[in-house]
Amino acid sequence: MGSGSAANGGGGGAGAARVPMPAAKPFLETLGGNMKETFLPDDPFRVVRRERGCGRRAAAALRYVFPFMEWAPSYTLGTLKSDLIAGITIASLAIPQGISYAKLANLPPVLGLYSSFVPPLVYAMMGSSRDLAVGTVAVASLLIGSMLSEEVSAAEDPALYLHVALTATFFAGVFQALLGVLRLGFIVDFLSHATIVGFMGGAATVVCLQQLKGMFGLDHFTTATDLVSVMRSVFSQTHLWRWESVVMGCGFLFFLLITRFFSKRRTRFFWVSAAAPLASVIIGSLLVYVTHAENHGIQVIGYLKKGLNPPSATSLNFSSPYMMLALKTGIITGVIALAEGIAVGRSFAMFKNYHIDGNKEMIAFGTMNIVGSLTSCYLTTGPFSRSAVNYNAGCKTAMSNVIMSVAVMITLLFLTPLFHYTPLVVLSAIIMSAMLGLIDYPAAVHLWQVDKVDFCVCLGAYLGVVFGSVEIGLVVAVGISILRVLLFVARPRTTVLGNIPNTMIYRRMDQYTAAQRVPGVLVLRVDSPIYFTNASYLRERIARWIDDEEDQCKEKGEMQIQYVVLDMGAVGSIDTSGTSMLDELRKTLDRRGLQIVLANPGSEIMKKLDSSKVLEAIGHEWIFPTVGEAVAECDFVMHSQKPGMVMGSGASHENLV
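Residues numbered from 1 in each chain as written. Predicted model: local features only at pLDDT ≥ 70, side-chain atom pairs only at ≥ 80, totals over all residues. Heavy atoms only, no water.

What follows deals with the UniProt feature "domain: STAS" (unreviewed entry) in the chain. In the numbering used here, UniProt assigns the feature "domain: STAS" (unreviewed entry) to residues 511–634. Spanning residues 511–634, this segment combines 48% helix with 15% strand, and its end C-alpha atoms are found 24 Å apart. (UniProt positions renumbered as here; feature names shortened; annotations may be inferred. Helix = DSSP H or I, 4+ residues; strand = E, 2+ residues; numbered from the N terminus.)

See the structure below:
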């Protein structure tokens, strides 16, 4: 231990403020700063403010809203070549997947093609990701199908079901756009990585189970999505299984998995896996046409309407009771679509070392779903499989989405009759092969190795989806995540610090074995803000630390503690309950003959302690910028103390030397 005089210039004097009080700021200025950090942490208007002149600022604002204006002026023929290859490649994947996922949502298959035509055009103008390939996704399709089927039957009233699905898409788009405009993107962050891994894995499992209907050629199947109901439905109809469907389905599933395995082992042949779904559709359709397999139990898509997206603004249903169903479905599916799209976009942006704005992405997703709901499209986002193909194909800009959209447009105008003989079992195989890639076993193992609580969140989400429903799994996962956050806030960690010999450094004694206790001084660190949720706990926990320390001192015959030093470096903020707690703690320690000492309090802490008179009660002389200086002063006073004198909060240095 160094002497107190060396640490603080001879011990200082009573009333000398070792930690300066920050200058007072007007309330509105403080509130404005806090609001800016909450809702505008990325300062989106900075690029506009930097420009000089109204015209240049207007151009900067347009570039911010429409990111394509940044890369379009410098677009080159070489870039177009790369985007052309990527766009055609993802179109070969988007067409069969779009048809498959529309069937998964209990919607007409042509809506999957519609949803791969208009939304990508909107995203190409407003999206900030260069690699995201927009389209329908299996999880959102399953959610729409399962949630809407609870109140509306797609088989009995397909027109009403379609109208409610379009309305849910509209509400999803409005909700997504509002989150972006109001800068509330942090709400999506409550879906942690562990939650998404478990939820996506469970949803992929459920989607695969749903495809058993097509794989076995069953006409009637349960509308429930849980494992028990699906297995009961499958094995109660063993007499209706069609061996033709089983053979064809397993054959194409094996083909799709083999091509994926080959593409992963030989990355330059990525196009093999990307083209495999379309090849499966073509081969399957030819087999059915040549063998007339539709007369032998193989179900086919049938007629697909030719032409571009018809307007659907008049189809939106805002009447009771279906509006609330559409609103609930839209919000839930909108959040899931946002989480997946933003996570995928950020992943590929990290690979290419550029940044995407989460709030701008929300506005882009919201706008394309609003426009999509008015043009006969259902919910779209940025699926991982399609974006991975786009990335591997060498896309340079969002123009690849435009090229994909043009390819889908050509399909809608001229090629839809060719899908008449496409077997449904091939679509089931395409969905299953895509979903198996979403079950991320290595990520779950990694969670178990790193953080058992995160693994429990992941497992809870997975089991909730598989044995309950998609909504139950989502609620379970988010509930566990929020509970964990609340526990961190309500039960913050407090640790005892010890001195590293021959230094003024203090570290956790449970981590640094060389750290030593300071006789007569207990140093505690609080590792969180002090709020009403944890104030009572901290008071009781600090009291227990003191009791435990005194018991150890008695057992070892060492000097009893006289000072309790609180390291406030990690206490970012404090509310009135926290200031009251510190005042009560001061009074309790005063009655026990102990002095409370604060080290390294932040500016907000200082201002609130000063306003509540707690700082005055503790004494400015007992506030220090570092733990080392605080302990050095306590050591100096103890060695200067007259025999028999007891320290209390009312004592001053001048009375003790």
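Back to the text.
So, on to unusual backbone geometry. Of note, the bond from Ser-320 into Pro-321 is cis; its omega dihedral lies within 30 degrees of zero at 5 degrees. Structurally, the position occupied by Pro-321 is in the loop between α15 (270–291) and α16 (322–351). Its identity is not glycine, yet Asn-106 carries a phi of approximately 65 degrees, on the positive side. Despite not being glycine, Asn-502 shows a phi value in the positive range, around 65 degrees. Its location among the elements puts Asn-502 in the loop between β1 (494–499) and β2 (506–508).

Looking at the assigned domains, one finds that the chain contains domain 1 (77–483) and domain 2 (491–640). Using only C-alpha atoms to locate each centre, domain 1 and domain 2 end up separated by 55 Å. (Domains from an automatic or database assignment.)

Per the stated rule, a full pass over the model turns up 12 salt bridges. Here Lys-352 and Asp-131 are joined by a salt bridge, their closest N and O atoms 2.7 Å apart. One end of the pair, Lys-352, is in the loop between α16 and α17 (358–373); the other, Asp-131, is in the loop between α8 (118–126) and α9 (138–148), and 221 residues separate them in sequence. For Lys-352, a relative accessible area of 29% corresponds to the partly exposed category. Judged by relative accessible area, which is 0%, Asp-131 ranks as buried. With its nearest N and O atoms 3.0 Å apart, the salt bridge here joins Arg-592 to Asp-547. Taken together, the positions of Arg-592 in the loop between α25 (576–591) and β5 (595–599) and Asp-547 in helix α24 (residues 535–556) put the pair 45 residues apart, joining distant regions of the chain. Among the residues examined, Asp-547 registers a relative accessible area of 34% and is labelled partly exposed. Here the residues in one salt-bridge network are Asp-451, Asp-454 and Arg-484, joined through shared partners. (Salt bridge = Lys/Arg side-chain N within 4 Å of Asp/Glu carboxyl O. Buried < 20%, exposed > 50% of the residue type's maximum accessible area, 1.4 Å probe, protein only.)

So, about the layout of surface pockets. Taken as a whole, the largest pocket holds about 1300 Å³ of empty space. Every residue lining the largest pocket is counted, 43 residues in all, and those nearest its centre are Phe-384, Ser-385, Ala-388, Gly-437 and Leu-438. Among the secondary structure elements, those contributing two or more residues to the lining of the largest pocket are α6 (77–104), α9, α11 (193–210), α14 (243–265), α15, α16, α18 (384–392) and α20 (424–436). Among the elements that line the lining of the largest pocket, the one with the most residues is α16, at seven residues. (1 Å grid on protein atoms, 1.4 Å probe; cavity = no way out; pocket = protein on both sides within 12 Å on 5 of 7 lines; lining within 4 Å. Points joined across faces, edges and corners; volume = space filled by probe spheres on them.)

With the rule as written, the count across this model stands at three cavities of 30 Å³ or more. Here the largest cavity defines a volume of roughly 60 Å³. Taken together, Leu-191, Thr-195, Ile-196, Phe-199, Met-200, Ile-336, Ala-339, Glu-340 and Leu-474 make up the full set of residues lining the largest cavity. Listing elements by their share of the lining of the largest cavity, those giving two or more residues are α11 and α16.

What follows covers the environment of Asn-106. Tracing the backbone through its elements, the reader meets Asn-106 in the loop between α6 and α7 (110–114). Apart from residues lying up to four places away in sequence, Asn-106 is in contact with Gly-145, Ser-149, Ala-154 and Tyr-161. (Contact = heavy atoms within 4.5 Å.)

Let us look at the side chain of Thr-579. As for its placement among the helices and strands, Thr-579 is situated in helix α25. Judged by relative accessible area, Thr-579 falls into the buried class, the value being 6%.

With that settled, consider the packing of aromatic side chains. Counting across every chain of the model gives 13 aromatic pairs. An angle of 70 degrees between the planes, with centres 5.2 Å apart, marks the rings of Tyr-289 and Tyr-421 as edge-to-face. With Tyr-289 in helix α15 and Tyr-421 in the loop between α19 (399–415) and α20, this pair connects stretches of sequence that are 132 residues apart. Ring pairs connect the aromatic residues Phe-170, Phe-171 and Phe-318, which therefore count as one cluster. Across the ring face of Tyr-354, the terminal group of Arg-130 is positioned such that the distance to the ring centre comes to 4.1 Å. Lying across the ring of Trp-545, Arg-541 places its NZ or CZ 4.2 Å from the centre. (Phe/Tyr/Trp six-rings, centres within 6.5 Å; stacked < 30°, edge-to-face > 60°. Lys NZ or Arg CZ within 6 Å of the ring centre and 35° of its normal.)

Quick look at the sheet that holds strand β6 (residues 623–624) now. Strand order across the open sheet formed by six strands is β2-β1-β3-β4-β5-β6, with mixed pairing between neighbours. Edge positions in the sheet fall to β2 and β6, since each has one partner strand and no second. Where β1 lies against strand β3 (residues 521–526), four bridges are found, and the strand directions are antiparallel. Opposite Leu-497, over in β3, you have Val-523 as the bridge partner. (Pairing = 2+ DSSP bridges.)

Looking now at the side chain of Thr-381. By the element assignment, Thr-381 lies in the loop between α17 and α18. Within polar-contact distance, the side chain of Thr-381 engages the backbone oxygen of Ala-337 at 2.8 Å. Excluding residues that lie within four positions of it along the chain, Thr-381 makes contacts with Ala-133, Val-134, Gly-135, Val-137, Ala-337, Gly-341, Phe-365 and Met-368. (Polar contact = N/O pair within 3.5 Å; in protein donor to acceptor, adjacent residues only side chain to side chain.)

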